[in-house]
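Each chain, written out:
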Amino acid sequence: MFLVFSYKSQYFCSVKKKVGFTKMHGAGNDYIYVNTLLYSVPNPEEAAIAWSDRHKGIGSDGLVLIGASPIPEADFSMRIFNADGSEAMMCGNASRCIGKYLYERALTTQTQIRLLTRSGIKVLELHVSDGVVERVTVDMGEPQLENTMQFLPDGGLEQGTFVSMGNPHYVIFTDDIDQVGGTGRALEYHPAFPQRCNIEFARIEGNGMIRTRVWERGSGITQACGTGACATAVAASLTGRAERHSQIVMDGGTLDIEWRESDNHVYMTGPAAFVFDGEITAP
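Rules behind the numbers
Residues numbered from 1 in each chain as written. Predicted model: local features only at pLDDT ≥ 70, side-chain atom pairs only at ≥ 80, totals over all residues. Heavy atoms only, no water. Helix = DSSP H or I, 4+ residues; strand = E, 2+ residues; numbered from the N terminus. Buried < 20%, exposed > 50% of the residue type's maximum accessible area, 1.4 Å probe, protein only. Areas by Shrake-Rupley, 256 points an atom, 1.4 Å probe, with all protein chains shown as cover. pLDDT = per-residue confidence, 0-100. Contact = heavy atoms within 4.5 Å. 1 Å grid on protein atoms, 1.4 Å probe; cavity = no way out; pocket = protein on both sides within 12 Å on 5 of 7 lines; lining within 4 Å. Points joined across faces, edges and corners; volume = space filled by probe spheres on them. Nonpolar A, V, L, I, M, F, W, Y, C, P; charged D, E, K, R; others polar. Expected span 1.5 Å × (residues − 1). Phe/Tyr/Trp six-rings, centres within 6.5 Å; stacked < 30°, edge-to-face > 60°. Salt bridge = Lys/Arg side-chain N within 4 Å of Asp/Glu carboxyl O. Core = buried A, V, L, I, M, F, W, Y, C linked by side-chain atoms within 4.5 Å.

Caption draft 1: Region of interest: the overall build of the chain. Regarding its fold elements, the chain presents 4 helices and 18 strands. In terms of overall dimensions, the chain has a C-alpha envelope of 100 × 50 × 30 Å along the principal axes. Buried positions account for 52% of the 283 residues belonging to the chain. For the chain, the accessible area works out to roughly 13,500 Å², and carbon and sulfur atoms hold 50% of it.

Spelled out as structure tokens, the structure:
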């Protein structure tokens, strides 16, 4: 008599889940957006590094998670991770893209959205035409000026103005804005900025136009930076280089920035665009 035994493998195969994503950009500042109401990203820091790789991943300036708000004062929430996996406090371009995503993907019918970020609640005003969000205005709140300072050249730190828009920015007004790569990389880690810093190189063009290039903390050179555009406009006004309403011309497009006297808030208006949708394996 032959006995036949049934065996089950004691080796377990870990099946990684697919995550749906949407690639979007605001003035060329591109991020990977994941709706966490539908998909979970348990290791966002790791995912941001892997997926942002422009040769081996999707390619982006970072990862943005769209979620429900844990508090009633906001409608939705945003978490943003830079390409190096570090978590950012806020991103103006990403918040505009989220407004477009939420409205055009039918997650809301509201044209005013309260978005919870790590730097507080930001109010998005959607400019809609025939069901399409053409532009978004973001109330970026008041610039944090109590610690605003101008550094003189010392130990490799070029003269500039420090302004916080919920995250730190150091704005250098110069004709040589193309030094963004070498100088920006060095200044991000300067001892004056213990939490590292975003670095802007700005040139006054006249008629309210300011040409700006940016080195983003954790991402390097980016096509645009919303909070950086706001910081540049505020720094230009503070130092008498411009009025309170400026057009910030960045590598990827132009952002309209108004520092209103009525409430001391900075308002940023600009475009947002879909690039493509896809699926990727979670790390």
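Caption draft 2: Focus on the confidence of the model for the chain. In the predicted model, the chain carries a mean pLDDT of 91, and the fraction of residues at 70 or more is 90%. Considering only residues more than four positions removed or in separate chains, one finds that residues 1-13, a stretch of pLDDT under 50, has 0 contacts.

Caption draft 3: Here's a closer look at empty space enclosed by the protein. Counting across every chain of the model gives 1 cavity of 30 Å³ or more. Considered as a void within the structure, the largest cavity measures approximately 90 Å³ in volume. Residue lining of the largest cavity: Tyr 31, Ile 80, Asn 82, Ala 88, Met 90, Cys 91, Asn 167, Asn 198, Glu 216, Arg 217, Cys 225 and Thr 227, and that is the complete set.

Caption draft 4: Structural detail: the layout of surface pockets. By volume, the largest pocket amounts to about 370 Å³. Taken together, 20 residues make up the lining of the largest pocket; nearest its centre are Phe 162, Asn 167, Pro 168, Gln 195 and Arg 217. When residues of the lining of the largest pocket are traced back to their parent elements, those giving at least two are β5 (87-88), β9 (144-151) and β10 (160-164). Top element by residues in the lining of the largest pocket is β9. It accounts for 3 residues. When its residues are assigned to classes, the lining of the largest pocket shows 7 nonpolar, 8 polar and 5 charged.

Caption draft 5: Focus on helix α2 (residues 92-104). Given a rise of 1.5 Å per residue, 13 residues ought to cover 18 Å, and the 19 Å separating the end C-alpha atoms of α2 matches this to within 8%. Of all the 13 residues making up α2, 11 are buried; the element is thus mostly covered by neighbouring parts of the structure. Listed as buried for α2 are Gly 92, Asn 93, Ala 94, Ser 95, Arg 96, Cys 97, Ile 98, Gly 99, Lys 100, Tyr 101 and Leu 102. Trailing α2 by a residue or two, Ala 106 shows a phi angle of about 60°, which is positive.

Caption draft 6: Local environment of the packing of aromatic side chains. Scanning the entire structure with this criterion turns up 3 aromatic pairs. Plain terms: the ring middles of Phe 162 and Phe 193 are 6.1 Å apart, the flat faces sit at 15° to each other, and that makes the pair stacked. Of this pair, Phe 162 sits in strand β10 while Phe 193 is found in the loop between α3 (180-188) and β12 (198-206), placing the two residues 31 residues apart along the sequence. On the accessibility criterion, Phe 193 (5% relative accessible area) is buried. Measuring from ring centre to ring centre gives 5.3 Å for Tyr 170 and Phe 193, while their planes differ by 55°; the resulting arrangement is tilted.

Caption draft 7: Representation of the pattern of salt bridges within the structure. One pass over the full model with this rule turns up 14 salt bridges. Among the ionic pairs, Asp 30 bridges to Arg 54, the shortest N-O distance being 2.9 Å. Taken as a pair, Asp 30 in strand β2 (residues 29-35) and Arg 54 in the loop between α1 (44-52) and β3 (62-68) lie far apart in primary sequence, 24 residues in all. Residue Arg 211 is joined to Asp 251 by a salt bridge in which the shortest nitrogen-to-oxygen separation is 2.8 Å. Pair noted here: Arg 211 is in strand β13 (residues 209-216) and Asp 251 is in the loop between β15 (245-250) and β16 (253-259), with a separation of 40 residues, a long-range link.

Caption draft 8: Expanded view of the nonpolar core. Ranked by internal contacts, the top residues of the largest apolar core, which has 50 residues, are Tyr 33 and Ile 257. In terms of residue count, the dominant contributor to this core is helix α4 (residues 226-238) (7 residues). When residues no more than four places from it in sequence are discounted, the contact partners of Ile 257 are Ala 229, Cys 230, Ala 233, Arg 244, His 245, Ser 246, Ile 248, Val 266, Tyr 267 and Met 268. With 14 residues, the next largest nonpolar core counts Ala 47, Ala 48, Trp 51 and Ala 282 among its residues.

Caption draft 9: Layout of unusual backbone geometry. With a phi angle near 55°, Ala 27 is a residue other than glycine that sits in the positive phi range. By the secondary structure assignment, Ala 27 is in the loop between β1 (18-26) and β2. Given the relative accessible area of 4%, Ala 27 is considered buried. A positive phi is found at Asn 207, a non-glycine position, where the angle reads about 55°.

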